[in-house]
Amino acid sequence: MAKRLQTLLLAFSLSLMVGCGGSGSGSGGGGAQASHFGVRGPSSSAAGFSFSITVTAQDKSNAVATSYSGRVHFTSSDPGAVLPSDSQLANGTATFSVTLGNSGLQTITATDTMSSTIHGSFSLTAIENEFPVAAFGAKGDGRTDDTAAIQGAINAASAAGGGSVVLSVARYFTTGTLVVPADVVLCGPFQGPFDVTGLNPATGAIAPTLLITNTSGPFITLNGAGSGVADLLFHYPNQVHTNAAAPTVYPYTILVTAPGTKVVRSMATNAYDFLDIESGRVLARDLYIGAFHIGIHIDHAKGRVTVRNVFNQVFWDVSENVPVPSPIDTWVLNNAIALEVNRVDGLELHDFALFIRGTGILLTDSPDKTQDFLAGYGVASGIDLDTVKYGIVISSSNSAGYKFASVDIGSTGDGQAAVQVKSGGSSPPKILINGGSQRGVWALGAYPAPAPDAVVVNILP
Amino acid sequence: MKVNLTVVFLVLCFFACHVVIARAVCAGASVNSFGAKGDGHSDDTAAIQSAISAVSGAGGGSVVFGPGRYMVSGTFIVPQGVVLCGAVEGPFDVTGINPAATTTAPTLLITSTSGPFLILQGFGAGASDLLFHYPNQVGASASKPTNYPYTIVMNSPGTKVARCTVTNGYDFLDIERGRVIVEDLYIGAFHTGIYIDHVEDRVSVNNVVNQVFWDLVENAAVPSPIDTWVMNNGIGLIVNRMDSLELHDFSVFERNTGMLLTDSPDKTQNFLAGYGVGSDIDLDNVQYGIVISSSNSPGYKFTNVDIAAAPGQGQAAVQVKSGGSAPPKILINGGSQRGTWALGAYPAPASDIVIVNILP
């Protein structure tokens, strides 16, 4: 586990212990004789990387024995552990650094060098193939540029044959971009996705957060099989505010160029374009996307792409505590597309929701006509497109078409069409909407002049 | 009071820390610490068995595989409360890389032909985030595969298989008990992807891809000679007797039959051939999409079904057979079919079949 998180846990433990000690002093036990050691540390650590433990001399009622003047000797169940030398405590407590060499459940024990009855221990799990970015110099303080440190951790993981590069609950400021090669997953320490509710991710660490400022290229490129992103929050601190008329353009947050990759349980706030999938055999799931322009774009996808449980939301208003619609929302209503699909062999789309976008889903041909497969086809279910000008626009598909079940589409009030099927194009579009509802007023009609190969059935009145 | 505070802290720490363990689903006893090499040639069977026994003896937990190639000559029984898992989140794909020669994931190289490789035998037993590969399987130029037993047999309720991949398997997953979860699997099995029988209660199968990984491993073009055998023999999913099936996001590329819903050879079971609901089914390049010869009276209900004929070899998108121990019922509500079918896309339907809302 990454050091910063341990520090947080440590602070947590110390504050409670201070509380315990204060209470002890109040009852007159501050100078009592030490009967045992309290040993505290993280529940897990990355094998080969150091972490902190605290040892506190305590009396029989667990108050801090501030007058303890003995020496502490350290042992571990792990023969590969790097332990502190025999040490004294200061006012009954001290913090030490430990590194475990072998993964699995390990115990660290502190024993008085003179009296073996004074001892204490704790256990933790050492995890292998894990690379905490803090160990590679990342600060996570919200202002130091951590780009090189994080890329260093990624490269170390890659050199070791793959593994997890773990960010702590902290704000990692970056100025550059990252390339994640085969078998390396960039991830947070606990399960996302995260939400922002009245908190600005640029000023408070509420999740493992990457602050992105680079405008020259995609922030993360997943370019090897088995590479991935999991359990992270991406935020653009220099993005315009909600009272601006148009957002600043940034490249995609994540570009996927290799099959066998995944982007899971992550979130973006104040992004411009979030995820560009340029390969087949990719899995994207459990994403909260706050992107002003494009949520997910798919093209050049030979083989199947799976998109599950994605929520395109208006996180920027929430992080600034302003009501919807803010001025920037007007731009989003005129320009944003939650999902754009060009050429793909087979799309699996499920549990896809959005709130406030110009177009929910655009199914169209690629500008690149050299691909040897056509505009895609796919199956989709559980689609909720709330407050859009256009719900689903389809201008192209291969002959199998797109099949959607359980689709709810709500108009902005100046809505144009719930489902618009365009005619002509390189591959005449086919679409089935089987089961759903539509709400509000549409200038062109909810399902205007459907082409012969559009089937819309079982819609709630 | 002070003691209580300490206890409170320890309890808080337990939960807090439990939440914040990195890759929490797979933290536990590393097989490496029990002597497994993961070097692709040393036999790690005994070391892995030691790790399983130790974790089981301690009351259960995870047996962890880091990225590496663990060559195994034997088989394992995974007891109650023990999960074999990889340290990197799966499922894994194989794209022009041979998992027997290059480490791409936490990989088990399987060579035993004597019985199922893993038997999940006890509540809570599971396998997750692993790549299973058969290094001695024939190459893509062979005319038929070597027969191996199932990679995994689920023999207890409360078991799960998640985020795993198999390449060059013969039969992959045999579900022989109800109340199991199977999700996020990439299956490269020549013969049977998932087989379900003897299932009292429900089985959930979610997000499964049956794919042609063997050609990719060897950088051979589809169809290779072995694909012809698969086109005549491979089945994505066979369902026999079971109480209830939940099937979602199920896709198949290049198999003889996408799904076979039929009765069990074992007629002694006290429940009938199954029923269930399925959605988002993509059966691409098959001779038969869905074949149903038996169901209990609620039948099978599918929505969003896309079925495509293997060029020049399509027989039927949906074939409903008559007679049998439990006359079949099936509803396909919404979908499409593509290509040419020798018997017709939906030949001679029995009376209890409903196919509606199919794209023209």
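About the cut-offs
Residues numbered from 1 in each chain as written. Chains lettered and ligands numbered in written order. Predicted model: local features only at pLDDT ≥ 70, side-chain atom pairs only at ≥ 80, totals over all residues. Helix = DSSP H or I, 4+ residues; strand = E, 2+ residues; numbered from the N terminus. Contact = placed C-beta atoms within 7 Å. Rg over C-alpha atoms; globule rule 2.2 N^0.38 Å. Buried ≥ 20, exposed ≤ 12 C-beta atoms within 10 Å, placed from the backbone. Arc of directions from axis to C-beta. Pairing = 2+ DSSP bridges. Nonpolar A, V, L, I, M, F, W, Y, C, P; charged D, E, K, R; others polar. Axes fitted to C-alpha atoms, helices over the stretch in contact; angles between N-to-C directions. Core = buried A, V, L, I, M, F, W, Y, C linked by C-beta atoms within 7 Å. Domains from an automatic or database assignment.

Caption draft 1: Spatial organisation of the overall build of chain A. Broken down by element type, chain A carries four helices and 29 strands. With the C-alpha coordinates of chain A rotated into their principal frame, the extents come out at 90 × 45 × 40 Å. Put simply, 67% of the contacts in chain A that link residues at least 6 apart link residues at least 24 apart.

Caption draft 2: How the structure looks around the overall build of chain B. A tally of helices and strands in chain B yields four helices and 21 strands. Taking 2.2 N^0.38 as the reference for a compact globule, 360 residues should give roughly 21 Å; the C-alpha atoms of chain B span a radius of gyration of 22 Å, in line with that estimate. By principal-axis analysis of the C-alpha atoms, chain B measures approximately 75 × 50 × 40 Å. Restricting to contacts in chain B with at least 6 residues of sequence separation, those with at least 24 account for 68%.

Caption draft 3: Layout of helix 4 (residues 327–335) of chain A. Residues and elements named next belong to chain A. Every buried residue of helix 4 is accounted for by Ile328, Asp329 and Val332. Relative to the axis of helix 4, the buried residues are bounded by an arc of 100° and lie together on one face. Those residues of helix 4 hidden inside the fold are in contact with strand 21 (282–298), helix 3 (315–320) and strand 24 (344–363).

Caption draft 4: Inspection of unusual backbone geometry at higher detail. Backbone torsion omega between Gly192 of chain A and Pro193 of chain A reads 0°, so that peptide bond is classified as cis. With respect to the helices and strands, Pro193 of chain A occurs in the loop between strand 14 (184–187) and strand 15 (208–212). Across the junction of Val222 of chain B and Pro223 of chain B, the peptide omega takes the value 0°, indicating a cis bond. Note on placement: Pro223 of chain B falls in the loop between helix 3 (213–217) and helix 4 (225–233).

Caption draft 5: The sheet that holds strand 5 (residues 87–88) of chain A, seen in detail. With respect to topology, five strands assemble into an open sheet ordered 2-8-7-4-5 (chain A), the strand pairing being mixed. Sheet topology places strand 2 (44–46) and strand 5 of chain A at the edges, where each strand pairs with a single neighbour.

Caption draft 6: Representation of the interface of chain B and chain A within the structure. Taken together, the contact pairs 52 residues of chain B with 59 residues of chain A. When contributions to the side of chain B that touches chain A are tallied by element, the ones reaching two or more residues are helix 1 (2–20), strand 1 (29–30), strand 14 (199–210), strand 16 (242–261), strand 17 (276–292), strand 18 (300–309) and strand 20 (330–338) of chain B. Of the residues forming the side of chain B that touches chain A, the biggest block, nine residues, is contributed by helix 1 of chain B. Looking at the side of chain B that touches chain A residue by residue, the class counts come to 22 nonpolar, 20 polar and ten charged.

Caption draft 7: Examining the sheet that holds strand 6 (residues 93–99) of chain A more closely. All names here are of chain A. Within the open sheet, the three strands sit side by side as 1-3-6. Their pairing is antiparallel. Looking at strand neighbours, the two that pair on one side only are strand 1 (36–40) and strand 6, the edges of this open sheet. Adjacent strand axes in the sheet meet at a mean angle of 30°, parallel and antiparallel pairs treated alike. Direction of pairing for strand 1 relative to strand 3 (residues 50–58): antiparallel, over a ladder of five bridges. In the strand pairing of strand 3, Arg40 is matched with Thr54.

Caption draft 8: Molecular detail of the nonpolar core. Judged by nonpolar contacts, the single largest core of 263 residues is most densely connected at Val133, Val165, Ile254 and Phe274 of chain A together with Val31, Ile152 and Ile194 of chain B. For this core, the element with the most residues is strand 21 of chain A, which contributes eleven residues. Counting residues domain by domain, this core receives three or more from each of domain 1 (3–127) and domain 2 (130–459) of chain A.

Caption draft 9: Structural view of the domain arrangement of chain A. Once the domains are mapped, chain A shows domain 1 (3–127) and domain 2 (130–459). Centre-to-centre separation of domain 1 of chain A and domain 2 of chain A, based on C-alpha positions: 45 Å.

Caption draft 10: Summary view of the pairing of strand 8 (residues 119–127) of chain A. All names here are of chain A. Bridge count for strand 2 against strand 8 is three bridges, and the pairing is parallel. Paired with Ala46 across the two strands is Ile127, which belongs to strand 8. Pairing between strand 7 (residues 104–112) and strand 8: eight bridges, direction antiparallel. Across the sheet, residue Leu105 finds its bridge partner in strand 8, namely Thr125.

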